[in-house]
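# Survey of secondary and tertiary structure
Below, each chain spelled out in residue letters.
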Amino acid sequence: MSTVLNVIHDGTLAVGVGTALYAVSVTAAAVTALTAPSRERRRDARAVLALLVRNRRSS
């Protein structure tokens, strides 16, 4: 039983770390899209942000 709980714990920890990394990536792209000094860098940051938060529902 302890092994099952360890696997569940490790999986939950991995999901939490992945979620945190995703949130940091989206936040960094959003801040860059808003505050980058050049128009080109803002456009590139918006393109990255669009990829990170794209709509994944099937049409």
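So, a few notes on the structure that sits alongside this text. Note that the structure is a prediction, hence the values are computed from the model and not measured.

## Brief notes about the overall build of the protein chain
When its secondary structure is counted, the protein chain shows 2 helices and 0 strands. Relative to a compact globule of 59 residues, whose C-alpha radius of gyration would be 10 Å, the protein chain shows 17 Å and is clearly more extended. Dimensions along the principal axes, computed over C-alpha positions, put the protein chain at roughly 55 × 30 × 10 Å. In the protein chain, buried positions account for 8% of the 59 residues.

## Here's the deal with a nonpolar patch on the surface
Judged by side-chain polarity, V4, L5 and I8 come together as a nonpolar surface patch covering roughly 280 Å² of accessible area. Relative to the elements of secondary structure, L5 occurs in helix 1 (residues 2–35).

## Regarding the environment of L51
The topology assignment puts L51 in helix 2 (residues 39–52). Residues L51 and A20, spaced 31 residues apart in sequence, show a C-alpha to C-alpha distance of 17 Å.

## Here's the deal with the packing of helix 1 against helix 2
Between helix 1 and helix 2, the least distance of the axes is 8 Å, while the angle of their chain directions is 150°. The orientation of helix 1 with respect to helix 2, classified from their angle, is roughly antiparallel. Classified by chirality, the crossing of helix 2 by helix 1 is left-handed. Counted together, Y22, S25, V26, A29, A30, T32, A33 and L34 of helix 1 and R42, A45, R46, V48, L49 and L52 of helix 2 form the full contact between these two elements. A breakdown of the residues in the contact of helix 1 with helix 2 according to their chemical character gives 10 nonpolar, 2 polar and 2 charged.

## A look at helix 1
Over its 34 residues, helix 1 extends 49 Å from the first C-alpha to the last, a length consistent with the 50 Å expected when each residue adds 1.5 Å. All of the buried residues along helix 1 are V26, A29 and A33. Looking at the buried side of helix 1, the elements it contacts are helix 2.

Thresholds, definitions, all that
- Residues numbered from 1 in each chain as written.
- Predicted model: local features only at pLDDT ≥ 70, side-chain atom pairs only at ≥ 80, totals over all residues.
- Heavy atoms only, no water.
- Helix = DSSP H or I, 4+ residues; strand = E, 2+ residues; numbered from the N terminus.
- Rg over C-alpha atoms; globule rule 2.2 N^0.38 Å.
- Buried < 20%, exposed > 50% of the residue type's maximum accessible area, 1.4 Å probe, protein only.
- Patch = residues over 30% accessible without salt bridge, like charges linked within 9 Å, V, L, I, M, F, W, Y side chains within 5 Å.
- Areas by Shrake-Rupley, 256 points an atom, 1.4 Å probe, with all protein chains shown as cover.
- Salt bridge = Lys/Arg side-chain N within 4 Å of Asp/Glu carboxyl O.
- Axes fitted to C-alpha atoms, helices over the stretch in contact; angles between N-to-C directions.
- Parallel < 35°, antiparallel > 145°, perpendicular 65-115°, else oblique.
- Left-handed = near helix turned anticlockwise from the far one by under 90°.
- Contact = heavy atoms within 4.5 Å.
- Nonpolar A, V, L, I, M, F, W, Y, C, P; charged D, E, K, R; others polar.
- Expected span 1.5 Å × (residues − 1).

Read these as spatial facts, not as claims about activity.
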